[in-house]
Amino acid sequence: MNFSAKQIVFISFMLFSMFFGAGNLIFPPFLGQSAGTNLWIALAGFIVSAVGLPILGVIAVAKAGSFNELNQRVHPLFALIFPFLIYIAIGPGLAIPRAGSLAFEMGMAPFLPENLVSSPVSLLIYSIIFFGLVTWLCMYPSKLIDLFGKLLTPILLALIAIIFVKSLMDPIGSFAAPKESYGSIPVFQGFLDGYQTMDALAALAFGIVIANTLKSQGVVEFKKRSLYMMYASLGAGLLLTVIYLILGYLGAASSSLGQTENGAQILSNVMTHLFGQSGTFILGLVFTIACFCVSIGLVTSCSQFFANAIPKVNYKKWVIILAALSTAIANLGLTQILQISVPILGMIYPIAIVIIFLGLIDDLIKNFRQVYISVISFVALFSIIDTINKSFLASKWSGLLDIFPFYKEGLGWIIPAVIGLIIGYLLGIVRGTSSDNKNLKN
């Protein structure tokens, strides 16, 4: 089956909605206010990591055929453990319950009396309704193109467009001077901010949803399905770029409205300035739709993964299990969950980046499979040591780890990755030479 341009646009809308959650709304405005007059330079770095890495992640999965096939190139045990950690961390362990909590805080709490906001019953009722709707819609994954592409994404994009146009008609203010590292190294700082969105992990997880959706639409040929996945990732990346530029601009222009601690407060100030009291309603609607879309995408992708990994429990049962678990965690409080999930995310994210990189250059190293094992082993070892140091040793080993370039910026794993690449390549040459000698003797 051949897809029309219109169908590819809908697939791109679907992937965009799955990526664009509350965190993606909050980061760019904060970057904008902090970067000030260096906004566009900092945003360039942010887009490279916050948009580039997710796009490359989807492309790597598309080239490999599946996330599992990509992981199998390292080792069967790795293909079992690594995806499990990803789907737990970005699923019920953190991202899904956080989306429900933020939807309540930004979309419902502003309109409730203070006594109801502080009551745990309010969050419980809201999260049951929220995740109940998520469960219902996730039961029909083949309908996600219509849900995202024709309804939710156009609404979300229209709301953001209205906000942007209003900001041009009623200017908020001028850009302030950049703060701290946004003044000295704006591109690099922007890159690090985008790196913190963790969307590269989501890209690996969402690949299964896009692939299965294309199959349900009649695209069964591998090459054609991979091509459409690449088109969808580029389309979603273009939308993300435009939205990040708008949100970054709003943040930079908001300096005259007062300094705030996070992007949510910046957006609240901007919306109040532009629309008065109705701005709170518009912003709440934007947050609710974004959190709702991300929750559907995460529950769907996690359920499809676990249904394949544990076939005795079918997809629909996994949807119910994950939605119920996310509801419970959202009400138990995210502070404790963050204490566990955030270190795990920090540990697996560098591994995700290098597996994406290796998947993209597979044509160059397909005769040197040792490269996969060597690079992943070095990066995983470094990430585990770094996580232990930060989580259990109060950073006592930081003095030693500082010898790695960019360690303080969270990119200390780059040198271990390069060392692993060189060693794996050399091992491949040695083994290839040994095999050739044996063949000559025979």
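Remember, predicted model here, so these are calculated numbers, not experimental data.

I'd like a description of the overall build of the protein, backed by residues and values.
Tallying secondary structure elements over the protein gives 21 helices and zero strands in all. For a compact globule of 442 residues, the expected C-alpha radius of gyration is about 22 Å, and the protein comes in at 22 Å, within 12% of that figure. Along the three orthogonal principal directions, the C-alpha set of the protein runs to about 85 × 50 × 45 Å. Among the 442 residues that make up the protein, the fraction classed as buried is 53%. Partitioning the intrachain contacts of the protein with sequence separation of at least 6 by distance along the chain shows that 79% fall at a separation of at least 24.

Account for the confidence of the model for the protein, naming residues and giving values.
Considering every residue of the protein, the mean pLDDT works out to 85; 95% of them sit at 70 or more. Per-element mean pLDDT across the protein ranges from 75 in helix H21 (residues 414-441) up to 92 in helix H8 (residues 120-138).

Tell me about the packing of aromatic side chains, and name the residues and values.
Counted by the stated rule, this structure contains 20 aromatic pairs. Ring centres 4.9 Å apart and planes at 15° place the aromatic pair Phe78 and Phe82 in the stacked group. Placement of the pair is Phe78 and Phe82 together in helix H5 (residues 76-89), with a separation of four residues, close to one helical turn. Ring centres of Phe111 and Phe281 lie 6.4 Å apart, and the angle between their planes is 70°; this geometry places the pair in the edge-to-face category. Note that Phe111 is positioned in the loop between helix H6 (95-107) and helix H7 (114-117) and Phe281 in helix H15 (residues 278-309), a separation of 170 residues in sequence. By relative accessible area, Phe111 is classed as partly exposed at 42%.

Can you lay out the layout of surface pockets for me, pointing to particular residues and giving the numbers?
By rolling a water-sized probe across the atoms, one finds the places where empty space is left. Taken as a whole, the largest pocket spans an internal volume of roughly 660 Å³. Secondary-structure elements contributing two or more residues to the lining of the largest pocket are helix H1 (5-19), helix H2 (22-35), H6, helix H12 (199-216), H15 and helix H17 (334-360). Classifying every residue of the lining of the largest pocket by side-chain character gives 21 nonpolar, six polar and two charged.

Could you give an account of the side chain of Ser127, naming the residues involved and the relevant values?
Tracing the backbone shows Ser127 in helix H8. Judged by its relative accessible area of 1%, Ser127 is buried. For Ser127, the contacting residues outside a window of four places in its chain are Gly132, Thr327 and Asn331.

Hey, could you go over the environment of Asn38 for me, with residue numbers and the actual values?
For Asn38, the location among the structural elements is in the loop between H2 and helix H3 (39-64). Classification of Asn38 as buried rests on a relative accessible area of 16%. Taking the C-alpha atoms as reference points, Asn38 and Ala99, separated by 61 residues in sequence, lie 31 Å from one another. What Asn38 contacts, discounting residues up to four positions off in sequence, is Pro178, Tyr182, Gly183 and Pro186.

Before we move on, can you summarise the pattern of salt bridges with the specific residues and values?
Evaluation of the coordinates by the stated rule reveals four salt bridges. For Asp362, the salt bridge identified is with Arg369, shortest N-O distance 2.6 Å. Salt bridges sharing partners connect three or more residues here, namely Arg73, Asp362 and Arg369.

Go over helix H11 (residues 186-195), please, and point to the residues and values.
With seven of 10 residues buried, H11 is to be regarded as a mostly interior element. Among the residues making up H11, those that are buried are Pro186, Gln189, Gly190, Leu192, Asp193, Gly194 and Tyr195.

Which residues make up a nonpolar patch on the surface, and what values do they have?
Residues Val121, Ile125, Ile129, Leu133, Trp136 and Tyr140 make up a contiguous nonpolar surface patch of about 630 Å² in total accessible area. Structurally, the position occupied by Ile129 is in helix H8.

Give a detailed account of the packing of helix H14 (residues 263-275) against H15, specifying residues and quantitative values.
With their axes 7 Å apart at the nearest point, H14 and H15 run at an angle of 135° to one another. In this view, H14 runs oblique relative to H15, as classed from their interaxial angle. Crossing of H14 against H15: the hand is right-handed. In this structure, H14 contributes Leu267, Ser268, Met271 and Phe275 to the contact, and H15 contributes Ser278, Gly279, Ile282, Leu283 and Phe287. Counted by class, the contact of H14 with H15 contains six nonpolar, three polar and no charged residues.

Give me the nonpolar core: which residues, what numbers.
With 152 residues, the main nonpolar core has Phe16, Phe20, Phe82, Leu201, Ile296, Ile355 and Trp413 as its most contacted residues. In terms of residues, this core owes the most to one element, H15, which gives 17 residues.

Describe the packing of H1 against H15, with residues and values.
Two elements in contact, H1 and H15, have axes separated by 7 Å at closest approach and are oriented at 100°. The orientation of H1 with respect to H15, classified from their angle, is roughly perpendicular. Contacts between H1 and H15 pair Ser17, Met18 and Phe19 from the former with Cys293, Val294 and Gly297 from the latter. The residue inventory of the contact of H1 with H15, partitioned by class, reads four nonpolar, two polar and no charged.

Definitions and cut-offs
- Residues numbered from 1 in each chain as written.
- Predicted model: local features only at pLDDT ≥ 70, side-chain atom pairs only at ≥ 80, totals over all residues.
- Heavy atoms only, no water.
- Helix = DSSP H or I, 4+ residues; strand = E, 2+ residues; numbered from the N terminus.
- Rg over C-alpha atoms; globule rule 2.2 N^0.38 Å.
- Buried < 20%, exposed > 50% of the residue type's maximum accessible area, 1.4 Å probe, protein only.
- Contact = heavy atoms within 4.5 Å.
- pLDDT = per-residue confidence, 0-100.
- Phe/Tyr/Trp six-rings, centres within 6.5 Å; stacked < 30°, edge-to-face > 60°.
- 1 Å grid on protein atoms, 1.4 Å probe; cavity = no way out; pocket = protein on both sides within 12 Å on 5 of 7 lines; lining within 4 Å.
- Points joined across faces, edges and corners; volume = space filled by probe spheres on them.
- Nonpolar A, V, L, I, M, F, W, Y, C, P; charged D, E, K, R; others polar.
- Salt bridge = Lys/Arg side-chain N within 4 Å of Asp/Glu carboxyl O.
- Patch = residues over 30% accessible without salt bridge, like charges linked within 9 Å, V, L, I, M, F, W, Y side chains within 5 Å.
- Areas by Shrake-Rupley, 256 points an atom, 1.4 Å probe, with all protein chains shown as cover.
- Axes fitted to C-alpha atoms, helices over the stretch in contact; angles between N-to-C directions.
- Parallel < 35°, antiparallel > 145°, perpendicular 65-115°, else oblique.
- Left-handed = near helix turned anticlockwise from the far one by under 90°.
- Core = buried A, V, L, I, M, F, W, Y, C linked by side-chain atoms within 4.5 Å.

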